[in-house]
Amino acid sequence: QDLNEGAALIRAAARRLAELAEAAAAAASISAPEMDVLQEIFDLGAMDVGDLRSRLGAPKQSLARNLNQLEGRGFVTRETDPDDRRRRLVTLTPSGMAFALEATERRRSALRQAFLSAGPDAVTGARRVMSDLLRVRGGS
């Protein structure tokens, strides 16, 4: 029962974090998958297209379409990786960075408040659980 309740809490928290950024995305007519792209790059920095696709679990065609839209709006650029010419890096432009910062501020504020309320030990434990959960494969 505790595992079921924990899974339900994780799903609800993920939905809440998504909701916090949706208002900015809707105001700018950006789709949820496009917002996911912006947030992933904002949070982790420039990233190879293949790595981005893998992190988001996005089909190749869908990600290409989202990147084309975001590039057309001036939010991202795709450039050849200077260290490996086979790779294409996706980077936020200054306007993409400004938009992502504004769009994620509500999410960051909610996380900051929850982390402060929970205390350092709870934050460390939550991070460990989430990291381990992401590493788990299959039904074991």
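A quick note: this is a predicted structure, and the numbers were derived from the prediction, not measured.

Peer 1: Quick question: what am I supposed to make of the sheet that holds strand β1 (residues 47-48) here?
Peer 2: Strand pairing in a sheet relies on backbone hydrogen bonds. The paired strands run either parallel or antiparallel. With antiparallel pairing, the three strands of this open sheet are ordered in space as β1-β3-β2. Each edge of the sheet is formed by a strand with only one pairing partner; in this case those strands are β1 and β2 (76-81). Two strands pair when backbone bridges link them, and β1 and strand β3 (residues 84-92) are joined in this way by two bridges, in the antiparallel orientation. The residue of β3 that forms the bridge with Asp-48 is Leu-89. Packed onto the sheet, helix α4 (residues 60-72) meets β2 and β3 and runs at close to 115 degrees relative to β2.

Peer 1: Would you mind showing me how to read the pairing of β3 here?
Peer 2: Regular strands have side chains that alternate between both faces of the sheet. Two elements, β2 and β3, share six bridges in a ladder whose sense is antiparallel. Residue pairing across strands places Val-76 opposite Leu-92, the latter belonging to β3. As consecutive antiparallel partners, β2 and β3 are separated by two residues.

Peer 1: Can you help me understand the pattern of salt bridges in this one?
Peer 2: Evaluated as defined, the whole model comprises nine salt bridges. A salt bridge links Arg-86 to Asp-84, with the shortest nitrogen-to-oxygen separation between them at 3.0 Å. In this structure Asp-84 comes out as buried when scored by relative accessible area, which is 19%. Residues Arg-135 and Asp-132 are paired through a salt bridge, measuring 2.3 Å at the closest nitrogen-oxygen approach. Taken together, the residues span about one helical turn, with Arg-135 and Asp-132 both in helix α6 (residues 120-135) at a distance of three residues.

Peer 1: Help me understand the packing of helix α2 (residues 32-44) against helix α5 (residues 94-118), please; the structure alone is not making it clear to me.
Peer 2: The angle between the axes and the distance between the axes are what describe a pair of packed helices. Contact geometry of α2 with α5 gives a least axis separation of 10 Å together with a crossing angle of 90 degrees. The orientation of α2 with respect to α5, classified from their angle, is roughly perpendicular. Contacts between α2 and α5 involve Met-35, Leu-38, Gln-39, Phe-42 and Asp-43 on the former and, on the latter, Met-97, Phe-99, Ala-100, Leu-101, Ala-103, Thr-104, Arg-107 and Arg-108. Counted by class, the contact of α2 with α5 contains eight nonpolar, two polar and three charged residues.

Peer 1: Before we go on, may I ask you to explain the packing of α2 against α4 in this structure?
Peer 2: For the pair α2 and α4, the least separation of the axes is 10 Å and the interaxial angle reads 75 degrees. What the angle tells us is that α2 and α4 run roughly perpendicular. Where α2 abuts α4, its residues Pro-33, Glu-34, Val-37 and Leu-38 lie against Leu-63, Asn-66, Leu-67, Gln-69 and Leu-70. Residue classes in the contact of α2 with α4 are distributed as six nonpolar, two polar and one charged.

Peer 1: I keep staring at the nonpolar core and nothing clicks. Help me out?
Peer 2: The nonpolar side chains of a soluble globular protein tend to be buried with one another. In this structure, Ile-30, Leu-38, Leu-52, Val-76 and Phe-99 are the most contacted members of the largest nonpolar core, which totals 23 residues. Looking at this core element by element, the count peaks at five residues for α2. Sequence-distant contacts of Leu-38, that is, excluding residues within four places in its chain, are made with Ile-30, Leu-70, Phe-75, Val-76, Leu-92, Phe-99 and Ala-100.

Peer 1: Looking at this structure, how should I read the packing of aromatic side chains?
Peer 2: The geometry of two aromatic rings is summed up by the distance between their centres and the angle between their planes. Under the definition given, this model contains one aromatic pair. Relative to Phe-99, the ring of Phe-75 lies with its centre 5.2 Å away and its plane at 15 degrees, an arrangement referred to as stacked. With Phe-75 in the loop between α4 and β2 and Phe-99 in helix α5, this pair connects stretches of sequence that are 24 residues apart.

The rules behind these values
- Residues numbered from 1 in each chain as written.
- Predicted model: local features only at pLDDT ≥ 70, side-chain atom pairs only at ≥ 80, totals over all residues.
- Heavy atoms only, no water.
- Pairing = 2+ DSSP bridges.
- Helix = DSSP H or I, 4+ residues; strand = E, 2+ residues; numbered from the N terminus.
- Contact = heavy atoms within 4.5 Å.
- Axes fitted to C-alpha atoms, helices over the stretch in contact; angles between N-to-C directions.
- Salt bridge = Lys/Arg side-chain N within 4 Å of Asp/Glu carboxyl O.
- Buried < 20%, exposed > 50% of the residue type's maximum accessible area, 1.4 Å probe, protein only.
- Parallel < 35°, antiparallel > 145°, perpendicular 65-115°, else oblique.
- Nonpolar A, V, L, I, M, F, W, Y, C, P; charged D, E, K, R; others polar.
- Core = buried A, V, L, I, M, F, W, Y, C linked by side-chain atoms within 4.5 Å.
- Phe/Tyr/Trp six-rings, centres within 6.5 Å; stacked < 30°, edge-to-face > 60°.

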